[in-house]
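A structural walkthrough
Read off the chains here:
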Amino acid sequence: MTASTHSNATENNMGKVLVTLTIINRADQIRASDGTITASQIRSITLENVLVDTGATTLCLPPDIIDQLGLELLKEADIATATGLGKARIFRDATIQFADREGTFECLELPGGSDALLGVIPLEAMGLEPDLKQQTLRVLPSESADTYLTIL
């Protein structure tokens, strides 16, 4: 690899934060807790290289992952994308696990072939903050005066 190729590769990844997330069907978790299904029947998936995207509102998953998780359709909604207005399907009860944090969120269906995105609502609700310089996701404090949880 030449110096210019290495520089371009570094620049292309600069500021990108990629994480590994586990996504769980929350409805399955509820059914397992009431004995309707067994714990081994809870559908979940671990996704690598999920892009942290502060331009996205919520968790965004491709259709094959949504199907694999068996998420329930909530509604269809208008969305704003880089190419203009469009329609998207929104699914319910996707539980995200990252580090010691967990939260349940709506999930927007991406066009087929797209990679998963983690948007700002789950980031803020779970106390996670992208560190673009270090290309990591920081877990903010949940205890003491430095807590990310506020009511003002």
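No experiment lies behind these values; they were computed from the predicted model shown.

**Observations regarding the overall build of the protein chain**
A count of helical and extended segments in the protein chain gives 4 helices and 9 strands. Residues counted as buried form 35% of the 152 residues belonging to the protein chain. Here the analysis covers contacts within the protein chain between residues at least 6 apart in sequence; of these, 58% occur between residues at least 24 apart.

**Description of the pattern of salt bridges**
Proximity of charged atoms lets side chains of opposite charge pair with each other. Using the criterion set out here, one finds 8 salt bridges in the structure. Glu-72 is paired through a salt bridge with Arg-92; the nearest N and O atoms lie 3.7 Å apart. Pair noted here: Glu-72 is in strand E4 (residues 72-81) and Arg-92 is in strand E5 (residues 84-98), with a separation of 20 residues, a long-range link. On the basis of relative accessible area, Glu-72 is assigned to the partly exposed category, the value being 48%. Residue Arg-92 is classed as partly exposed on the basis of its relative accessible area of 31%. Put simply, Arg-89 and Glu-109 hold a salt bridge, and the shortest N to O gap is 2.9 Å. Separated by 20 residues along the polypeptide, Arg-89 in strand E5 and Glu-109 in strand E6 (residues 101-109) bring together distant segments of the chain. Shared partners join several salt bridges into a network, and the residues in it are Asp-28, Arg-31 and Arg-43.

**Side note on the side chain of Glu-109**
The class of Glu-109 is buried, set by a relative accessible area of 16%. Among the polar contacts made by the side chain of Glu-109, one reaches the side chain of Arg-89 at a distance of 2.9 Å. Non-local contacts of Glu-109, meaning those with residues more than four positions away in its chain, are made with Leu-61, Pro-63, Ile-66, Ala-88, Arg-89 and Phe-91.

**Thoughts on unusual backbone geometry**
Located in the positive-phi region is Asn-49, a residue other than glycine, with phi close to 60°. Within the element layout of this structure, Asn-49 appears in strand E2 (residues 44-52). Its identity is not glycine, yet Gln-135 carries a phi of approximately 55°, on the positive side. Mapped onto the elements, Gln-135 comes out in the loop between strand E8 (128-131) and strand E9 (136-139).

**A few points about the confidence of the model for the protein chain**
A residue-level look at the protein chain finds 85% of positions with pLDDT of 70 or above and a mean pLDDT of 87. In the model, residues 1-11 has pLDDT below 50 throughout and makes 1 contact with residues more than four positions away in sequence or in other chains.

**Thoughts on the layout of surface pockets**
Empty space among the atoms becomes apparent when a probe as large as a water molecule is rolled across them. When its volume is computed, the largest pocket comes out at roughly 540 Å³. Cys-60, Ile-79, Ala-80, Thr-81 and Leu-108 are the residues nearest the centre of the largest pocket, which is lined by 24 residues in total. For the lining of the largest pocket, the secondary-structure elements that each account for two or more residues are E4, E5 and E6. Along the lines of polarity and charge, the residues of the lining of the largest pocket split into 12 nonpolar, 5 polar and 7 charged.

**Digging into the environment of Gly-55**
With respect to the element layout, Gly-55 can be found in the loop between E2 and strand E3 (59-61). Put simply, Gly-55 and Leu-118 are 63 residues apart on the chain and 9.5 Å apart in space, counted from C-alpha to C-alpha.

**Considering the environment of Val-120**
The topology assignment puts Val-120 in helix H4 (residues 120-125). Residue Val-120 is classed as partly exposed on the basis of its relative accessible area, which comes to 26%. A C-alpha to C-alpha distance of 7.5 Å links Val-120 and Gly-55, two positions 65 residues apart in sequence.

**Section: the pairing of E9**
Where E8 lies against E9, 4 bridges are found, and the strand directions are antiparallel. Directly across from Glu-129, in E9, lies its bridge partner Arg-138. In this antiparallel pair of consecutive strands, E8 and E9, the connection spans 4 residues, and Gln-135 shows a positive phi of 55°.

What counts, and where the lines are drawn
- Residues numbered from 1 in each chain as written.
- Predicted model: local features only at pLDDT ≥ 70, side-chain atom pairs only at ≥ 80, totals over all residues.
- Heavy atoms only, no water.
- Helix = DSSP H or I, 4+ residues; strand = E, 2+ residues; numbered from the N terminus.
- Buried < 20%, exposed > 50% of the residue type's maximum accessible area, 1.4 Å probe, protein only.
- Contact = heavy atoms within 4.5 Å.
- Salt bridge = Lys/Arg side-chain N within 4 Å of Asp/Glu carboxyl O.
- Polar contact = N/O pair within 3.5 Å; in protein donor to acceptor, adjacent residues only side chain to side chain.
- pLDDT = per-residue confidence, 0-100.
- 1 Å grid on protein atoms, 1.4 Å probe; cavity = no way out; pocket = protein on both sides within 12 Å on 5 of 7 lines; lining within 4 Å.
- Points joined across faces, edges and corners; volume = space filled by probe spheres on them.
- Nonpolar A, V, L, I, M, F, W, Y, C, P; charged D, E, K, R; others polar.
- Pairing = 2+ DSSP bridges.

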